[in-house]
Protein chains: 2
Amino acid sequence: MKVLNKETDYAVRALISLGMKPDGWVPAKAISDEQAIPYQFLRRILQELIRSGLVESKEGAGGGVRLGKNPADIGVAEVIEIFQGKVQVSECMFRKQLCSNRANCVLRHEIMRIEQMVNEEFSKVTIGKLIDDLKAVEALTK
Amino acid sequence: MKVLNKETDYAVRALISLGMKPDGWVPAKAISDEQAIPYQFLRRILQELIRSGLVESKEGAGGGVRLGKNPADIGVAEVIEIFQGKVQVSECMFRKQLCSNRANCVLRHEIMRIEQMVNEEFSKVTIGKLIDDLKAVEALTK
DNA sequence: ATTTCTGATACCAATTTAGTATCAGTTAAT
DNA sequence: ATTAACTGATACTAAATTGGTATCAGAAAT
Ligand code: FES
Ligand code: FES
């Protein structure tokens, strides 16, 4: 059971990469090289990040992309949602036969609790936090 | 992002169904009808549940399946693992470029914390608990 | 004008998912 | 002894998803 797919994975890495050099426009090519992400694939991913406002872009020579929000304000949950949609345990785990009234379904409740917990936890993991941790690790291994 | 696939979904429902009539052998056909699960698909799912000991079977006429463990001892986590493998956030979220030493990776740690949390929560949701909740709901709506 | 970029979109192969079909063997009942 | 009701095992398939590629148009800097 894989929680994050490649798109989300790459997106997070790209965001971290951008967050670590916060001045000026960074061309997609640079990120692609640095993070070993297939260029065209990354391009498509960046475009989605741009559409959702996490990233800003500037066309033409000397252009590129940069973060559109403070790294501390970008939670991984948000990125997951862009590329994999809202966390959903199952369309409706206990359907017709087992459970006639969705509204008061105790079971569904139980499961949605977990769903929400996961979302909260993934929201707490922000790009900013990841960058900080990363810097800490780098300092240690130097 | 769909957490449970059809196999897991059907498996859980089949287990609930079995847990609610705990006496004697139940033919797959009966579960298939009751839960509106495609017969052959269910058969294959049941075979995996049998292999992993959650369900026992008896061949021949008058045969069928029944739970192999106490409903209270079957956690949904266990079922998920059978059909979707262990929860794994990402092969290695921050690879070569970003993080050279997996062993002391602070970031990875962060993510694995969530992984474990999810697993624990899904372990606490047992077939027994689901059955109890289901009965409670049924009592209310009657 | 030319080079360096993004925007948009169409395409593709490989894998996974959800479901079907078949045949062999076992047990119970007649 | 036959037959009917079952599981065991496994092969097959269509459709969707995933991960990745390719192309072309247009914008800005030089
Ligand atoms: S499960 Fe669909 S509602 Fe109870
Ligand atoms: S991420 Fe692979 S180890 Fe830090």
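One can find the structure itself at the top, above this paragraph.
The sections below set out a description of the structure shown in this document. (Residues numbered from 1 in each chain as written. Chains lettered and ligands numbered in written order. Predicted model: local features only at pLDDT ≥ 70, side-chain atom pairs only at ≥ 80, totals over all residues. Heavy atoms only, no water.)

Here we look at the protein's contact with DNA strand C
- The environment of DNA strand C is made up of 25 residues, and the closest members are R43, S57 and A61 of chain A together with R44 and G60 of chain B.
- A breakdown of the atoms of DNA strand C within 4 Å of the protein gives sugar and phosphate a share of 60%.
- Within the contact set of DNA strand C, a phosphate oxygen lies 3.3 Å away from a backbone nitrogen or oxygen of K6 of chain B.
- Listing elements by their share of the surface near DNA strand C, those giving two or more residues are α3 (39–51) and β1 (55–58) of chain A together with α1 (6–20) and α3 (39–51) of chain B.
- The element that contributes the greatest number of residues to the surface near DNA strand C is α3 of chain A, accounting for five residues.
- Classifying every residue of the surface near DNA strand C by side-chain character gives nine nonpolar, seven polar and nine charged. (Near = heavy atom within 4 Å. Polar contact = N/O pair within 3.5 Å; in protein donor to acceptor, adjacent residues only side chain to side chain. Helix = DSSP H or I, 4+ residues; strand = E, 2+ residues; numbered from the N terminus. Nonpolar A, V, L, I, M, F, W, Y, C, P; charged D, E, K, R; others polar.)

Some words on unusual backbone geometry
Residues and elements named next belong to chain A.
- Phi at A36 takes a positive value of approximately 55°, unusual for a residue other than glycine.
- Within the secondary structure, A36 sits in the loop between α2 (28–35) and α3.
- Judged by relative accessible area, which is 44%, A36 ranks as partly exposed. (Buried < 20%, exposed > 50% of the residue type's maximum accessible area, 1.4 Å probe, protein only.)

Focus on the protein's contact with DNA strand D
- Around DNA strand D sit 25 residues, and of these R44 and K58 of chain A together with A28, R43 and S57 of chain B come closest.
- The contact atoms of DNA strand D, taken as those within 4 Å of the protein, divide so that sugar and phosphate hold 58%.
- Y10 of chain A places a side-chain nitrogen or oxygen 3.4 Å from a phosphate oxygen of DNA strand D.
- With respect to DNA strand D, the side chain of R43 of chain B contributes an N or O atom lying 2.6 Å from a base nitrogen.
- Secondary structure elements with two or more residues in the surface near DNA strand D: α1 (6–20) and α3 of chain A together with α3 and β1 (55–58) of chain B.
- Residue contributions to the surface near DNA strand D peak at five residues, all from α3 of chain B.
- Class assignment of the residues belonging to the surface near DNA strand D gives a composition of nine nonpolar, seven polar and nine charged.

Side note on empty space enclosed by the protein
Residues and elements named next belong to chain B.
- Enumeration over the complete set of coordinates arrives at three cavities of 30 Å³ or more.
- Estimates place the volume of the second largest cavity at around 60 Å³.
- As for the second largest cavity, its lining consists of A77, I80, E81, G85, K86, V87, V118, N119 and F122.
- Of all elements in the fold, only α4 (76–84) and α5 (106–124) reach the threshold of two or more residues within the lining of the second largest cavity.
- For the lining of the second largest cavity, the residue count by class is five nonpolar, two polar and two charged. (1 Å grid on protein atoms, 1.4 Å probe; cavity = no way out; pocket = protein on both sides within 12 Å on 5 of 7 lines; lining within 4 Å. Points joined across faces, edges and corners; volume = space filled by probe spheres on them.)

Observations regarding the pattern of salt bridges
- Inspection of every chain in the model, using the stated rule, returns 20 salt bridges over all chains.
- Two residues, K86 of chain A and E81 of chain A, come together in a salt bridge whose shortest N-O distance is 3.1 Å.
- Under the relative-accessibility criterion, K86 of chain A is labelled exposed at 53%.
- The class of E81 of chain A is partly exposed, set by a relative accessible area of 36%.
- Three or more residues are tied together by salt bridges with common partners; here these are R113 of chain A together with E121 and K124 of chain B. (Salt bridge = Lys/Arg side-chain N within 4 Å of Asp/Glu carboxyl O.)

As for α3 of chain A
All names here are of chain A.
- Here α3 is 13 residues long and its end C-alpha atoms lie 18 Å apart, about the 18 Å a rise of 1.5 Å per residue gives.
- Those residues of α3 that sit buried are L42, I45, L46 and L49. Down the axis of α3, the smallest arc covering the buried residues is 105°, so these residues share one side. Away from its buried face, by an angle of more than 90 degrees, α3 presents the exposed residues Q40, R44 and R51.
- Where α3 is buried, its residues touch α1, α2, β1, β2 (64–67) and α4 (76–84). (Expected span 1.5 Å × (residues − 1). Arc of directions from axis to C-beta. Contact = heavy atoms within 4.5 Å.)

Quick notes on the pairing of β2 of chain A
- Pairing of β1 of chain A with β2 of chain A, which is carried by four bridges, proceeds in the antiparallel orientation. For K58 of chain A, the partnering residue across the bridge sits in β2 of chain A and is G64 of chain A. (Pairing = 2+ DSSP bridges.)

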